[in-house]
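# Examining the three-dimensional arrangement
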Amino acid sequence: MNEFKLLAKRDGRIIVNHFKEIRSNPKRLGIYLLYLVWIGSLVFNVVLRYRNPVEIQAQLGSQIIGAGFVGVGTAFLLYFLYRGTLESSTFFTMGDVHLLFPAPVSPQKVLLYSMVKQSLLHIFLYGFLILALMPLIMNTSRIDLQYLPFMYLGFIGLFLVIAPLNFLVFALGSKYGLQLRLQQGIFALIVIFILYLAGFIIAAGDLWQGLLQGLNASWLDYLPVIGWSKVVFMTAVTGYSIYSIAGLVLQLLFLVCCIVISYYTADDYYEDTLKATEQRALRKKQKAGVEKAQRFSFPFSKKKLFVRKVGSGPWALFWRSKVEYSRSDFHPYLGFWTIMFLLAGIGVGVFAGKQTDGLTPLYIVNGVIAYIIFIFSASNAAQHELTKPYIFLIPGSNLVKIIGSNLTDILRMFANILALNIPLGILLNAPLQIIMILVIFDVSFYILNLSSNFLIRIIFPNALDQKALYPLFLMLQMLLLLLPGIIVGGVLAFVFQNLVLIFAGIAAVNIIIIGVLLLLSNKVFARLEWI
Amino acid sequence: MLKVESLTKKYRNVVAVDDISFSLNQGDIVGLLGPNGAGKSTTIKTIVGLLRKNAGSITIGSYPSTSQEAKKKFTYVPETPELYDMLTVWEHLQFIAYAYDVANFAEKAERLIERYDLWDKKDKLAKELSKGMKQKVSICCGLLPEPDLYLFDEPMIGLDPKSIRETKLIFKELSEQQKTVLVSTHLLDSIENLCDRVLVMKQGRIIVDMTMEEMKRKLGNSGSVSLEDLFLEVTKDE
């Protein structure tokens, strides 16, 4: 059978099976409805912004958007080009590796089909991203809605070329032994880009002014990929011109060229895509909670390690995570993120210390950090612990098991928050007790989520359901876990008009909820199943 | 049927397969044995074309192993069954039938899924199957095209006793049909009476390439010695 027909038939069956699955499990329809509500809220936001445009200097707004697009886009492009010298991108699944790759089908046709399929899929998926960014764009500048398709095409034009370009860079690099040369070329581009911006900053005598001028220079519009996409993207902001169409055509031609060159050069690429395909499958499992998500840590691999015994029974779980962190980081409780938090604390402290005399920056930073911690810890290490049998098999108290499996993460977060707040507090002359209240406030949000994970596991034992229902969990967690603290904080703010008391009040409420959740988790632990 | 000459495969600086040569004739059932990390799976994946060789040559029926002509002559059953999550058992077989241009596919597929007790699961999605079931589907996909050469990498891991017996029976039938089989396995007793010949790998090299009788004779043992004994004897550290 013709390769394209074979692959189209397979994908057709997959789509039909998705619909059949929804029919047999209508619960999933609820999830898709939630996504629709989310998209609806994004569109509503866009309409709202359009009807109530912000009063902003037209030229400055368009400069900010143009500079943001070029700056972020260039960083993305250079990063993916560099990654292309180390590993290939993939358009395949492990099913393809084991069933399609050994079959008598043309590898080139398989690649062409898969690249085009992924591009078409991305046209749709990246649409959500631009939709989500629209309120931010409309807050910065007025846009002409009739040219919205240009903005959309300019945005996705940039993203569409990344995967084929990455694949091509790797294929050419490995086929002709050019990896080192390509890396040197990319580093040279990075250096030129930084020097170019530095020149503008020095000439303008101001960081932001220099960046705005440098990233909006008209000659950049002629640069392949980034310049062409920018011209198309900015049509909705600066207006239509013949260059909008020219940029669009050039960008499309570039994408087609990437795909065609990949087609003709990649006749023996199976091994190149193996690693990336395995990693993609692993990420899928990690999202479903079946595999542990990799933490960002120093690439150490200490072979010899001695971690002292911390107790018996369930405390073995605490020892295990200490061993894992000791191996991947320079200390069981301190790591890459501790340094990042420390640097952030010093940076914000120095910057804010010059701007203001009060403690407002300290409160703002901790409020933002607490929110970020809460969002990002919604699915965490404890989830993974439940995918292994040991937590069920080790004899001992359930409560200690829950604490033991989470303690290292909590202590690490405590260390990170201390690293942020101590320099920040010192630089802003904050009293020690306020710093400690804020540290407890931040960490309480982290523990709040960890303690609720066990209950989620009871309600939805299926990992796939958990993945699919993640937005719903997040909403529920926000409502049930955050609301009490916010109410108490609001009351305290109204009565005492004291910021420290609000933070202390919210932290106290969080601690009470954590206690209740831990007791509940202890009760329901017997109903947990190892899947 | 299969000719491997001076094959070398490296992962960066680690030599996984070190200058190995062997050939399989039509009708051979050959066991590829060796301790963990010996290079068995790498050898099979390189033959299949999933990995690129660093040196040497691999031909299947006189064609280079990565050519389309060669690929029509073999099938591969991997160590871990990775299927398409959103295709059913039956659709997997249908897909393989289209990919290999299998004639009378429905009849052959029905026979296979009945042999492996998959009939009641034929409309189930792959993601709903257990690991053992997936392995059965993977074996069925490997058997369906009825090629000249079969490459099995640990095919019996995760299978229930009935399926193991069925697989052994199928190996026998393939041998009778003059098909060639290269099977890598740790379940030595399961292939003991099936293989005409064994290749034993250790640290990327083939340290033994002989028939069972030759092996027994070389080690000076009587007829009661098992493949397990022979394996442990030849792979023990000096």
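Residues numbered from 1 in each chain as written. Chains lettered and ligands numbered in written order. Predicted model: local features only at pLDDT ≥ 70, side-chain atom pairs only at ≥ 80, totals over all residues. Heavy atoms only, no water.

### Focus on the overall build of chain B
What counts is decided by this rule: We count a stretch as a helix when DSSP gives it H or I for four or more residues in a row; a strand needs E for two or more, and each element gets its number in order from the N terminus. Exposure is judged per residue with a 1.4 Å probe applied to protein chains only, and the accessible area is read against the type maximum: over 50% gives exposed, under 20% gives buried, and values in between give partly exposed. Should any heavy atoms of two residues lie within 4.5 Å, those residues are considered in contact. With residues, only the protein chains shown are counted as cover, and all accessible areas are computed by Shrake-Rupley using a 1.4 Å probe.
When you go through chain B residue by residue, the secondary structure sums to nine helices and ten strands. Scored against the burial criterion, the 238 residues of chain B give a buried share of 55%. Within chain B, contacts between residues at least 6 apart in sequence are counted, and of these 66% link residues at least 24 apart. If you sum the accessible surface of chain B, you get close to 10500 Å²; carbon and sulfur atoms cover 43% of it.

### Section: the state of the cysteines
Throughout this description, disulfide means a covalent bond between two cysteine sulfur atoms. Stated formally: Two cysteine sulfur atoms make up a disulfide if the distance between them is within 2.5 Å.
Following the criterion strictly, the structure yields zero disulfides over all chains and no others. With no disulfide of its own, cysteine 257 of chain A has cysteine 258 of chain A as its nearest cysteine by sulfur position, at a separation of 7.3 Å. Taking the relative accessible area as the measure of exposure, cysteine 257 of chain A reaches 42% and is therefore partly exposed. In this structure cysteine 141 of chain B is a free cysteine whose sulfur lies 7.0 Å from that of cysteine 140 of chain B, the closest cysteine sulfur available.

### Some remarks on the pairing of strand E6 (residues 74-77) of chain B
Residues and elements named next belong to chain B. Threshold: Note on pairing: two strands pair once DSSP finds at least 2 bridges between them.
Neither face of E6 is exposed, since Phe74 and Tyr76 on one face and Thr75 and Val77 on the opposite face are all buried. With four bridges connecting them, E6 and strand E7 (residues 149-153) associate as parallel partners. Note that in E7 the partner of tyrosine 76 across the bridge is leucine 151.

### Points about the interface of chain B and chain A
We count it as follows: Defined in terms of a 1.4 Å probe, buried area is the accessible area two parts forfeit on being brought together, summed over both. Throughout this description, the term salt bridge denotes a Lys or Arg side-chain nitrogen within 4 Å of a carboxyl oxygen of Asp or Glu. Think of a polar contact as two N or O atoms within 3.5 Å of one another; within protein, one of them needs to be a possible hydrogen donor and the other a possible acceptor, and neighboring residues in sequence only count if both atoms come from side chains.
Each side of the interface is counted separately: chain B has 31 residues, and chain A has 31 residues. At the boundary of chain B with chain A, total buried surface from both sides reaches about 3000 Å², with 59% on carbon and sulfur atoms. When the area that chain B buries against chain A is broken down by residue, the three leading residues are Leu50, Arg52 and Tyr84 of chain B, summing to 23%. The tally of links from chain B across to chain A stands at four salt bridges. Aspartate 272 of chain A is the partner of arginine 52 of chain B in a salt bridge, and the nearest nitrogen-oxygen pair spans 2.8 Å. Joining chain B to chain A, the criterion identifies 14 residue pairs in polar contact (both at pLDDT 80 or more). Contributions of two or more residues to the side of chain B that touches chain A are made by helix H2 (68-71), E6 and helix H3 (89-100) of chain B.

### Considerations on the environment of asparagine 17 of chain A
Counting through the fold element by element, asparagine 17 of chain A comes out in helix H1 (residues 3-24). On the basis of relative accessibility, which here comes to 3%, the residue asparagine 17 of chain A falls in the buried class. In this structure, asparagine 17 of chain A is in contact with Met86, Leu87, Thr88, Glu91 and Leu125 of chain B, ignoring residues within four places of it in sequence. Of the polar contacts made by the side chain of asparagine 17 of chain A, one reaches the side chain of glutamate 91 of chain B; its length is 2.8 Å.

### Regarding the packing of aromatic side chains
Stated formally: Planes of paired rings set the category: under 30 degrees apart is stacked, over 60 is edge-to-face and the rest tilted, where pairs are Phe, Tyr or Trp rings (Trp by its six-membered ring) whose centres lie within 6.5 Å. Throughout this description, the term charge over a ring refers to an Arg CZ or Lys NZ atom that lies within 6 Å of the ring centre and within 35 degrees of the ring normal.
This structure, assessed with the given rule, holds 31 aromatic pairs over all chains. Seen in terms of ring centroids, phenylalanine 69 of chain A and phenylalanine 233 of chain A are 4.5 Å apart; in terms of plane orientation they differ by 25°. Their pairing is stacked. Taken as a pair, phenylalanine 69 of chain A in helix H3 (residues 58-86) and phenylalanine 233 of chain A in helix H9 (residues 226-233) lie far apart in primary sequence, 164 residues in all. When its relative accessible area of 4% is taken as the criterion, phenylalanine 233 of chain A is described as buried. Pairing tryptophan 315 of chain A with phenylalanine 318 of chain A gives two aromatic rings, centres 6.2 Å apart and planes at 75°, and the pair type is edge-to-face. Here tryptophan 315 of chain A pairs with phenylalanine 318 of chain A, and both are found in helix H13 (residues 315-328), just three residues apart, close to one helical turn. Taking the relative accessible area as the measure of exposure, tryptophan 315 of chain A reaches 27% and is therefore partly exposed. An aromatic cluster of at least three residues, connected via ring pairs, comprises Phe69, Phe76, Tyr79, Phe80, Phe155, Phe159 and Phe233 of chain A. A cation over an aromatic ring shows up here: lysine 122 of chain B above the ring of tryptophan 90 of chain B, its NZ or CZ 5.6 Å from the ring centre. Residue placement shows lysine 122 of chain B over the ring face of tryptophan 119 of chain B; its charged tip is 5.0 Å from the ring centre.

### Quick notes on unusual backbone geometry
Peptide bonds are trans in most cases, and residues, glycine excluded, mostly fall at negative phi. Positioned with a positive phi, valine 225 of chain A is a non-glycine residue whose angle comes to about 65°. Turning to its location among the elements, valine 225 of chain A is positioned in the loop between helix H8 (207-215) and H9. Accessibility expressed as a relative area gives 4% for valine 225 of chain A, which makes it buried. Here the phi dihedral of glutamine 178 of chain B falls at roughly 65°; this positive angle occurs in a residue that is not glycine. Take glutamine 178 of chain B: it is sitting in the loop between helix H6 (161-176) and strand E8 (180-184).

### Re the nonpolar core
Our working rule: Residues belong to one nonpolar core when they are buried, are Ala, Val, Leu, Ile, Met, Phe, Trp, Tyr or Cys, and are joined through side-chain atoms within 4.5 Å.
Ranked by internal contacts, the top residues of the largest apolar core, which has 139 residues, are Leu2 and Leu182 of chain B. Ranked by residue count, the leading element in this core is helix H6 (residues 148-175) of chain A, at 14 residues. Excluding residues within four positions of it along the chain, leucine 182 of chain B makes contact with Leu2, Phe22, Leu24, Val30, Leu32, Ile44, Ile47, Tyr150, Leu151, Phe152 and Leu199 of chain B. In terms of nonpolar packing, the next biggest core, distinct from the first, is built from 46 residues, Ile373, Leu481, Val509 and Leu517 of chain A among them.

### A short note on the confidence of the model for chain A
Test applied: Note on scores: pLDDT gives the predictor's confidence for each residue, bounded by 0 and 100.
Counting all residues, the mean pLDDT for chain A is 82, and 87% of those residues have values of 70 or more. Within chain A, no element has a lower average pLDDT than helix H20 (residues 463-468) of chain A, which sits at 57, and none a higher one than H9 of chain A, at 91.

### Re the sheet that holds strand E5 (residues 63-64) of chain B
Note: strands within a sheet are paired through backbone hydrogen bonds, in either parallel or antiparallel orientation. All names here are of chain B. Worth spelling out the cut-off: Axis lines are fitted to C-alpha atoms, over the contacting stretch for helices. Their N-to-C directions set the angle, which ranges from 0 to 180 degrees.
An order of E2-E1-E4-E5 is seen for the four strands of this open sheet, with the pairing classed as antiparallel. Edge positions in the open sheet fall to strand E2 (14-24) and E5, since each of these has one partner strand only. Examined bridge by bridge, strand E4 (residues 55-60) and E5 share two bridges and lie antiparallel to one another. Its bridge partner being in E5, threonine 59 is matched across the sheet by proline 64. Sheet strands touched by helix H1 (residues 40-48): strand E1 (2-11), E2 and E4. Its angle to E1, the strand with the most contacts, is close to 115°.

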